[in-house]
Amino acid sequence: MILYMGADHAGYALKEFLKNYLLQQGYEIVDVGVYSEEPADYPDVAHKLTAQLVQEEQPALGILICGTGIGMSIAANKRLGIRAANASEPVSAALAREHNNANVLCLGARVVGPELARATVEAFLRTGFSPEERHRRRVSKLELIGGESPSRTD
Ligand code: RB5
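The residue numbers shown here count from 1 along each chain, following its written sequence. Residues qualify for local features only when their pLDDT is at least 70, as the model is predicted, and side-chain atom pairs are given and counted only at 80 or more; totals for whole chains, interfaces and linings, by contrast, use all residues. As a rule here, side-chain values cover all heavy atoms of the structure and leave hydrogens and water aside.

Trainee: Is there a simple way to explain the site of the ligand in this structure?
Mentor: Around the ligand sit Asp-8, His-9, Ala-10, Tyr-42, Cys-66, Gly-67, Thr-68, Gly-71 and Arg-110, and those are all the residues in its vicinity. At a separation of 3.2 Å, an oxygen atom of the ligand approaches a polar side-chain atom of Arg-110. Methods summary: accessible areas were calculated by the Shrake-Rupley approach with a probe of 1.4 Å, and residue burial reflects only the protein chains presented. Taken by itself the ligand offers 290 Å² of open surface, and the protein chains cover 72% of this. Any residue that is not Ala, Val, Leu, Ile, Met, Phe, Trp, Tyr, Cys, Pro, Asp, Glu, Lys or Arg is counted as polar, Gly included; the first ten are nonpolar and the last four charged. Of the residues belonging to the shell around the ligand, the class tally is three nonpolar, four polar and two charged. Here a residue is considered near a molecule or strand provided that any single heavy atom belonging to it is located within 4 Å of it. For this analysis, a polar contact is any N or O atom pair within 3.5 Å, provided that within protein one partner can donate a hydrogen and the other can accept it, and provided that sequence-adjacent residues contribute only side-chain to side-chain pairs.

See the structure below:
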């Protein structure tokens, strides 16, 4: 599993904390920046990470960190093929994978402390997409948004 990680200045310290932990766990990390606490614009980082993630041929997920996780999730979800979930605790992170097949986890470094962030990331990484048809149907409909309207609402 390859993990793409990115943060703006507000998320830099948490990114470094999580990156060190995940490297120890044996994950391959692609760190798209930023590399200091110099002010940075979250859309630039989200754009860079998601562009690389959708091109990746190996199994891969992304982690984006800003102050709240909100800016990163809004920006990341602009790209077709990205399903970014802003989660602050493990239950939402696991369900984002299981029900929504989220491929990017967004975290708010001003919202969660390092230990809660680590637990949230672990839940995200250890959970897979549900094999149940209803979840797969719903996620497939996400690709229709912006195009033809889906006909079913159940
Ligand atoms: C930066 O101050 C802050 O606005 C940014 O990290 C993020 O929280 C935006 O959503």
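Trainee: I keep staring at the sheet that holds strand β3 (residues 60-66) and nothing clicks. Help me out?
Mentor: The strands that make up a sheet are held in pairs by hydrogen bonds between backbone atoms, and each pair lies either parallel or antiparallel. Here we have five strands laid out as an open sheet, ordered β2-β1-β3-β5-β4, and parallel in their pairing. The outermost strands of the open sheet, each flanked by one partner alone, are β2 (28-31) and β4 (84-86). Looking at each pair of strands side by side, their axes are set apart by 25° on average, direction ignored. Bridge analysis of strand β1 (residues 2-7) against β2 gives four bridges, and the strand direction is parallel. By the bridge assignment, Met-5 is partnered in β2 with Asp-31. Where helix α1 (residues 12-24) meets the sheet, it contacts β1, β2, β3 and β5 (104-108), and its direction lies at approximately 165° from that of β1. Paired strands are those between which DSSP finds at least two bridges. Helix numbering and strand numbering both begin at the N terminus, where a helix is a DSSP run of H or I of at least 4 residues and a strand a DSSP run of E of at least 2. All axes here are fitted lines through C-alpha atoms, helices being fitted over the stretch that makes contact, and every angle between N-to-C directions spans 0 to 180 degrees. The contact rule is simple, with two residues in contact once any of their heavy atoms fall within 4.5 Å.

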